[in-house]
Amino acid sequence: AFVVTENCIKCKYQDCVEVCPVDCFYEGPNFLVIHPDECIDCALCEPECPANAIFSEDEVPKGQEKYIKLNAELAEVWPNITEKGEAPADAKQWDGVSDKFQYLER
Ligand code: SF4
Ligand code: F3S
């Protein structure tokens, strides 16, 4: 499956949602996750993310392995999202900021 990683936090551009053929994105307050059992590995979402936050699970950057489990966990409790909404007004300022895990809202 593909995995949403740290740089999505507080950026949440949602371009990924528009291209997913199986609608397997789930939405939290400031982050999105992919349901690993529903993702068909089409790879369409990966290049769409302006924050480069999406990776195949075997290519998740070092130190971000915990996001694999986190996507699986949160996809079970967050609601499904099928249409792109508005990104946060300050999304650009947060793009590339390190250690954003502390800001993850659940
Ligand atoms: Fe959806 Fe394809 Fe991305 Fe999986 S890889 S989340 S199926 S767009
Ligand atoms: Fe997040 Fe990128 Fe989608 S910032 S909401 S994974 S387009």
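This structure is a prediction, so every number in the text was calculated from the model and none was measured. (Residues numbered from 1 in each chain as written. Chains lettered and ligands numbered in written order. Predicted model: local features only at pLDDT ≥ 70, side-chain atom pairs only at ≥ 80, totals over all residues.)

Enquirer: Quick one: what's the story with helix H2 (residues 66-75), residue by residue and with numbers?
Expert: For H2, the full list of buried residues reads Tyr67, Leu70, Asn71, Leu74 and Ala75. Seen end-on, H2 carries its buried residues on one side only, within an arc spanning 120°. Pointing more than 90 degrees away from the buried face of H2 are the exposed residues Lys69 and Glu73. Structurally, H2 contributes buried residues whose contacts are with strand S1 (2-4), strand S2 (25-27) and strand S3 (32-34). (Buried ≥ 20, exposed ≤ 12 C-beta atoms within 10 Å, placed from the backbone. Helix = DSSP H or I, 4+ residues; strand = E, 2+ residues; numbered from the N terminus. Arc of directions from axis to C-beta. Contact = placed C-beta atoms within 7 Å.)

Enquirer: Tell me about the site of ligand 1, and please be specific about residues and values.
Expert: Phe2, Cys20, Cys39, Cys42 and Cys45 are the nearest of the 13 residues found near ligand 1. Partitioning the shell around ligand 1 into residue classes produces 12 nonpolar, no polar and one charged. (Near = placed C-beta within 6 Å. Nonpolar A, V, L, I, M, F, W, Y, C, P; charged D, E, K, R; others polar.)

Enquirer: Provide a residue-level description of the site of ligand 2, including the pertinent values.
Expert: Neighbouring ligand 2 are 13 residues; Cys8, Tyr13, Cys16, Cys49 and Ala51 lie closest to it. Tallied by class, residues from the shell around ligand 2 come to 10 nonpolar, one polar and two charged.

Enquirer: If you had to explain the sheet that holds strand S5 (residues 80-81) to someone new, which residues and values would you point to?
Expert: One open sheet holds the three strands; their spatial order is S3-S2-S5, and the pairing between them is antiparallel. Because the sheet does not close on itself, it has two edges, and the strands there are S3 and S5. Bridge analysis of S2 against S5 gives two bridges, and the strand direction is antiparallel. In the sheet register, Phe25 faces S5, and the bridge partner there is Ile81. On top of the sheet, H2 reaches S2 and S3; it is set at about 95° to S3, its chief contact. (Pairing = 2+ DSSP bridges. Axes fitted to C-alpha atoms, helices over the stretch in contact; angles between N-to-C directions.)

Enquirer: So what's going on with the nonpolar core? Which residues, and what values?
Expert: By size, the foremost hydrophobic cluster in this structure holds 27 residues, and its most contacted members are Val4, Cys8, Cys16, Phe25, Leu32, Val33 and Ile34. At the level of elements, S1, helix H1 (15-19), S2, S3 and H2 are the ones that each hand at least two residues to this core. Among the elements that line this core, the one with the most residues is H2, at four residues. Excluding residues that lie within four positions of it along the chain, Val33 makes contacts with Val4, Tyr26, Leu70, Asn71, Leu74, Ala75 and Trp78. (Core = buried A, V, L, I, M, F, W, Y, C linked by C-beta atoms within 7 Å.)

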